[in-house]
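# Close look at the chain arrangement
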Amino acid sequence: MAAGGGGARKSRAAGPVPPTTTLVLDNGADTIKAGFVSDEKSDDKPRIIPNCLARDRHRKIYVGSELEKCKDFSEMAFRRPVEKGFIVNWEAQKEIWDREFFDDKAPQKCNPSETRLILTEQPNSLPSLQTHCDQIVFEEYGFASYYRGVGPVFNAYRDIQSIFRTPQSTIDSPAEIILLIDSGYSNTTVTPILQGRPLHPAIRRLDVGGKLMTNYLTRLLSVRHFDMRNEPYIVNEMKEAVCYTSLDFKGDLEKTWKGTRGEKREDYLSGAGIAKDYVLPDSHTHFHGVVRDYEPGVSARARKGIVSTEDVLTLRNERFVVPELLFNPSDIGIRQPGIADLVKQSLLALPIGLWPGLLANIVVVGGNSLSEGFCQRLQTEILKRFPDECRVRVARPEDPITSTWLGAASFAKHEHASRLEVTKQEYEEHGAAWVARKFAAGLGLDS
C-alpha cells in the first residue's frame, strides 16, 4: 500500500508544476482591467488599460496604454477588438495583449508557460467565439492553465454585505444569492447568481451601454451646437463629466424647456440649477474639457457676436436625457424594456421563493452606474414593479469599474478556481470541445 502511494506521488511529480502566479483579465470593450495574483504577493487593484487601437489626426497610432501619452484627442479614430461585449477581432486584441503583457518592454511582463489565466466573458457568449478564445489562449500563448468565466459571476466572490454596509461575523464566499446588474460600454446585463452559479435562463440583456449613450449625445450636440461627429473621445469625456440620472424626469424636462416662440421662461433663462457650461479643449493650452456653472451672460455675448477665446457649450436637458435611455430605451426607438423591467422579466423566469433574496441583494457595477442618482432611481423604479412587502436594496461597490476584477482576484485564491481550471496538458489530451463542456458545466450541482 505504501509502495502504491509512493508510485502515485512520483507520477504526480513527473507532471507539470502548477503555476503559482495568476494573470486576471477583465477584458472589457472599453478598458482591460489587469493584475497578478500569487501566493506571495497580489495586486491590490488592477491596471486599467484602454482596449483599443487609436489614431490621431496626425496619423500617429496608439496601442492600449500608449493612449495615455496622447495630448490631442481631437478627431481621434478608434478600432476596438470587442463589439457588443464579445471579442470579435483577435488580430487587434493580440496586438494590445502583446504590448501590455508579452513584449520585452511590456508594463506587466508575463511568462504564459508559468502562469494561469483567468479571463472574463459576457453572459451567453456564442460557442464559436468561446472555442476561438480557448484556442488563442493555449495554442497562441501557451498558458499553463486557464479558466474562462462569466464576468458578473465573479462579483459573488467579493464581500457583498460590506457593499450594503451590513456587518456580519463571517464572509460567505461565494455570496449565497445576488442579482448583479452590469452596465458597461457595450450593453447592460441582469444576472441572477445563486451560490456562485449564474442562473442562465433568467439572464437578461439590454443593448444600451456607454457607447450608445455617447453616440446619442453626439447626435444631440451636432444638431443643437457644433458638429461633434468626429470627436467621440471628447463627447465621451463630456458625458462622464456632466450627465446625471434624473429622479424626476418630467419635472427636469419642464425646467429646461425653452417655451414657445418668443417666450422667455424664467427657469430656462436662469438655468434652473440644471444647465452647465462645458468648455471644450483647444488642443493647445488645455487638452481636456472643463465643467463650469452656467453663466447666462456667456451665451448672450456669443449671440451678439462678441469674440471669445473659448468654445463653450451650454448643456441643459442633454445632461439627463442621455442616461434616461437605460430606463426608457423606447425614447429613441429601441424596442426593448428598460433596466427595471428587465429585472422583473428576470425574476419572473425564476421560482418566487428566490425573489426576496435577489431583490434584497441587487449589486450594480460598470461605468454607467457612476452616473449621479443611478442607484436611487433604479431602486425607485424596481419598487414600483413589486409588491410593497418586498424589500429592495440596491448598492454599488466603491469602484464599480474594477469590481469584477477584484471578484475574479478573490476567485483565483478560492478552491473553486483549481476545480474549474483547465491545464494545457488537459487541453492537448481532450481537445477544445471537452474544454467548452467543462466550462459550460461550471460548478455543477454539487458545492
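Residues numbered from 1 in each chain as written. Predicted model: local features only at pLDDT ≥ 70, side-chain atom pairs only at ≥ 80, totals over all residues. Heavy atoms only, no water.

## Digging into the packing of aromatic side chains
Heads up, the condition is: To pair, rings of Phe, Tyr and Trp, with the six-membered ring standing in for Trp, must have centres within 6.5 Å; the planes then decide the type, stacked if under 30 degrees apart, edge-to-face if over 60, and tilted in the middle. Working definition: with a 1.4 Å probe on protein chains only, accessible area under 20% of the residue-type maximum means buried, over 50% means exposed, and in between means partly exposed. Runs of H or I in DSSP of at least four residues are treated as helices and runs of E of at least two as strands, each being numbered from the N terminus.
As enumerated under the stated definition, the model contains 20 aromatic pairs in all. Relative to Phe 154, the ring of Tyr 147 lies with its centre 6.3 Å away and its plane at 90°, an arrangement referred to as edge-to-face. Across the pair, Phe 154 and Tyr 147 agree in class, each one buried. Ring plane angle 75° and centroid distance 5.1 Å describe the contact between Tyr 157 and Phe 411, whose orientation is recorded as edge-to-face. Placement of Tyr 157 in the loop between α4 (151-154) and α5 (160-163) and of Phe 411 in helix α15 (residues 403-412) is noted, with a sequence separation of 254 residues between them. Each member of the pair, Tyr 157 together with Phe 411, is buried. Taken together through their ring pairs, the aromatic side chains of Phe 138, Tyr 146, Tyr 147, Phe 154, Tyr 157, Phe 411, Tyr 427 and Phe 439 make up a single cluster.

## Describing the sheet that holds strand β1 (residues 21-27)
Two modes of strand pairing occur in sheets, parallel and antiparallel, and in both the strands are linked by backbone hydrogen bonds. We apply this condition: Here, a strand pair is defined by DSSP locating no fewer than two bridges between the strands. Residues are treated as being in contact if the distance between any of their heavy atoms lies within 4.5 Å. Convention adopted: a line fitted to C-alpha atoms gives each axis, helices being fitted over their contacting stretch, and angles between N-to-C directions are expressed from 0 to 180 degrees.
Read from one edge to the other, the open sheet built from six strands follows the order β3-β2-β1-β9-β10-β20, with strand pairing classed as mixed. Strands at the two margins of the open sheet, each flanked by one partner only, are β3 (47-50) and β20 (422-423). Summarising the sheet, β1 and strand β2 (residues 31-38) pair through seven bridges and their orientation is antiparallel. Residue pairing in the sheet places Asp 26 in a bridge with Lys 33 of β2. Seen against the sheet, helix α3 (residues 127-141) touches β9 (115-121), β10 (145-150) and β20 and runs at an angle of roughly 150° to β10.

## A word on the pairing of β1
For β1, a buried count of six out of seven residues is recorded, marking the element as mostly surrounded by other parts of the structure. Connecting β1 to the next strand, β2, in antiparallel fashion are three residues. For β1 and β9, the ladder comprises five bridges, and the chain directions are parallel. What sits directly across from Val 24, in β9, is Ile 118.

## Quick word on the side chain of Gln 130
The residue Gln 130 is located in helix α3 in this model. Leave out the neighbours within four places in its chain, and Gln 130 touches Glu 121, Ser 125 and Arg 148.

## So, the confidence of the model for the chain
Operational definition: The pLDDT value expresses, per residue, how confident the predictor is, ranging between 0 and 100.
Per-residue confidence for the chain gives a mean pLDDT of 89; residues scoring 70 or more make up 91%. Taken as a whole, residues 1-14 scores under 50 in pLDDT and shows zero contacts with residues more than four places along the chain or in a different chain.

## Remarks on unusual backbone geometry
Residue Lys 84 is not a glycine yet carries a positive backbone phi of 55°. Looking at the element boundaries, Lys 84 is found in the loop between β7 (82-83) and β8 (86-87). Of note, the phi angle at Arg 165 is positive, near 55°, even though the residue is not glycine. Structurally, the position occupied by Arg 165 is in the loop between α5 and β11 (177-183). In this structure Arg 165 comes out as exposed when scored by relative accessible area, which is 74%.

## Some remarks on the pattern of salt bridges
Keep this limit in mind: When a carboxyl oxygen of Asp or Glu lies within 4 Å of a side-chain nitrogen of Lys or Arg, that pair is called a salt bridge.
Taken as a whole and judged by the stated rule, the model has 21 salt bridges. Where Arg 80 meets Asp 30, a salt bridge forms, and the shortest distance between an N and an O atom there is 3.5 Å. Within this pair, whereas Arg 80 is found in the loop between β6 (77-79) and β7, its partner Asp 30 is found in the loop between β1 and β2, the two being separated by 50 residues in sequence. The partly exposed category is assigned to Asp 30, whose relative accessible area is 28%. Here Arg 385 and Glu 381 are joined by a salt bridge, their closest N and O atoms 3.1 Å apart. Through salt bridges with shared partners, a single network forms among Glu 324, Asp 341, Arg 377, Glu 381, Lys 384 and Arg 385.

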